[in-house]
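Residue strings, one per chain:
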Amino acid sequence: RVGLDIRGFRMKDRVIAVDVGTTNIKAFVVDRNGTVLGQASDKLVIEQPKPEWAEIDPENLWNQFQMVVKQSIANTGVDPGDVAALGIATQRCTFVTWDRRTGKPLHNFICWQDLRCVDLCKQWNNSLTVKSLKLGSGALHMITRNNRFLAGRVIHFFPKMVAFLCLCCFCVAVLSSVSIR
């Protein structure tokens, strides 16, 4: 039931929550009491164009997103005008880059499961530079007893941290669109 605010306008009291998970995309229409009024879901397609790569087609994901939101609303009979907000939860470390002029994606989403940068991370983590930073920060902490130097001891690169750099190596569209201003 939709109430009125102090000015006599209708209060919107529904929220749509969308969860873009590892295997599914789900949308829920929820009322102010947290009751799920309707829901819809669809299976995500994870593409593996090469071994250890994991990608999602952005156009397909956008179409699925719209479909589950519309279907969840249709399953409730709620007027879309009664929806106050939309919340989105996504896979951690999943990203896409796009052309700022056209708004079109330059490549597929790179998923958190993508391991194309594992070898580079191992190389960096075993490098003399990283080992020296860890040793130097540990020595500075011992000398000064200042805990800020402990931060250098935990430097460790993970594939998701360097995925964009790797993407520049593998994706001509991204590399050609990167410019220094």
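Criteria and thresholds
Residues numbered from 1 in each chain as written. Predicted model: local features only at pLDDT ≥ 70, side-chain atom pairs only at ≥ 80, totals over all residues. Heavy atoms only, no water. Core = buried A, V, L, I, M, F, W, Y, C linked by side-chain atoms within 4.5 Å. Buried < 20%, exposed > 50% of the residue type's maximum accessible area, 1.4 Å probe, protein only. Helix = DSSP H or I, 4+ residues; strand = E, 2+ residues; numbered from the N terminus. Salt bridge = Lys/Arg side-chain N within 4 Å of Asp/Glu carboxyl O. Contact = heavy atoms within 4.5 Å. Expected span 1.5 Å × (residues − 1). Arc of directions from axis to C-beta. Pairing = 2+ DSSP bridges. Axes fitted to C-alpha atoms, helices over the stretch in contact; angles between N-to-C directions.

(A) Structural context of the nonpolar core. One finds Ile16, Val18, Ile25, Leu61 and Val69 to be the most contacted residues of the largest nonpolar core, which totals 20 residues. Residue assignment for this core shows that the elements contributing at least two residues are β1 (14-20), β2 (24-31) and α1 (58-76). Ranked by residues supplied to this core, first place goes to α1 with five residues.

(B) Representation of the pattern of salt bridges within the structure. Under the definition given, this model contains five salt bridges. Across the salt bridge formed by Arg32 and Asp13, the nearest N and O atoms sit 3.8 Å from each other. Taken as a pair, Arg32 in the loop between β2 and β3 (36-43) and Asp13 in the segment before β1 lie far apart in primary sequence, 19 residues in all. For Arg32, a relative accessible area of 53% puts it in the exposed group.

(C) Geometry of the side chain of Gln64. With respect to the helices and strands, the residue Gln64 is situated in helix α1. Beyond its immediate stretch of four places on either side in the chain, Gln64 contacts Ile25, Asp42, Lys43 and Leu44.

(D) Structural view of the environment of Ala85. Locating Ala85 in the fold gives a position in strand β5 (residues 83-89). The partly exposed category is assigned to Ala85, whose relative accessible area is 37%. Residues Ala85 and Arg14 lie 71 residues apart in sequence; the distance between their C-alpha atoms is 7.3 Å. Those residues within four positions of Ala85 in sequence are excluded, and the remaining contacts are Arg14, Val15 and Ile16.

(E) Region of interest: helix α3 (residues 128-144). Along its 17 residues, α3 runs 24 Å from first to last C-alpha, staying within 8% of the 24 Å computed at 1.5 Å per residue. Residues of α3 that are buried: Val130, Ser137, Gly138 and His141. An end-on view of α3 places all buried positions within 100° of arc, on one side of the element. Along α3, exposed side chains directed more than 90 degrees from the buried face belong to Leu128, Thr129, Leu135, Met142 and Ile143. Here the buried face of α3 lies against α2 (118-125). Of the residues one or two after α3, Arg145 is the one with positive phi, at around 60°.

(F) Up close: the pairing of β2. Two elements, β1 and β2, share seven bridges in a ladder whose sense is antiparallel. Its bridge partner being in β2, Ile16 is matched across the sheet by Val29. In textbook terms, the turn of a hairpin is the stretch between consecutive antiparallel strands, and for β1 and β2 this stretch comprises three residues. Bridge analysis of β2 against β3 gives seven bridges, and the strand direction is antiparallel. Bridged to Val30 within β3 is Val36. What sits between the antiparallel neighbours β2 and β3 is a turn of four residues, in which Gly34 has the positive phi angle 85°.

(G) A look at the sheet that holds β1. Strand order in this open sheet of four strands is β3-β2-β1-β5, and the pairing throughout is mixed. The open sheet has two free edges, formed respectively by β3 and β5, since each of these has just one partner strand. Averaged over all neighbouring strand pairs, the angle between strand axes comes to 15°, with direction disregarded. On top of the sheet, α1 reaches β1, β2, β3 and β5; it is set at about 150° to β3, its chief contact.

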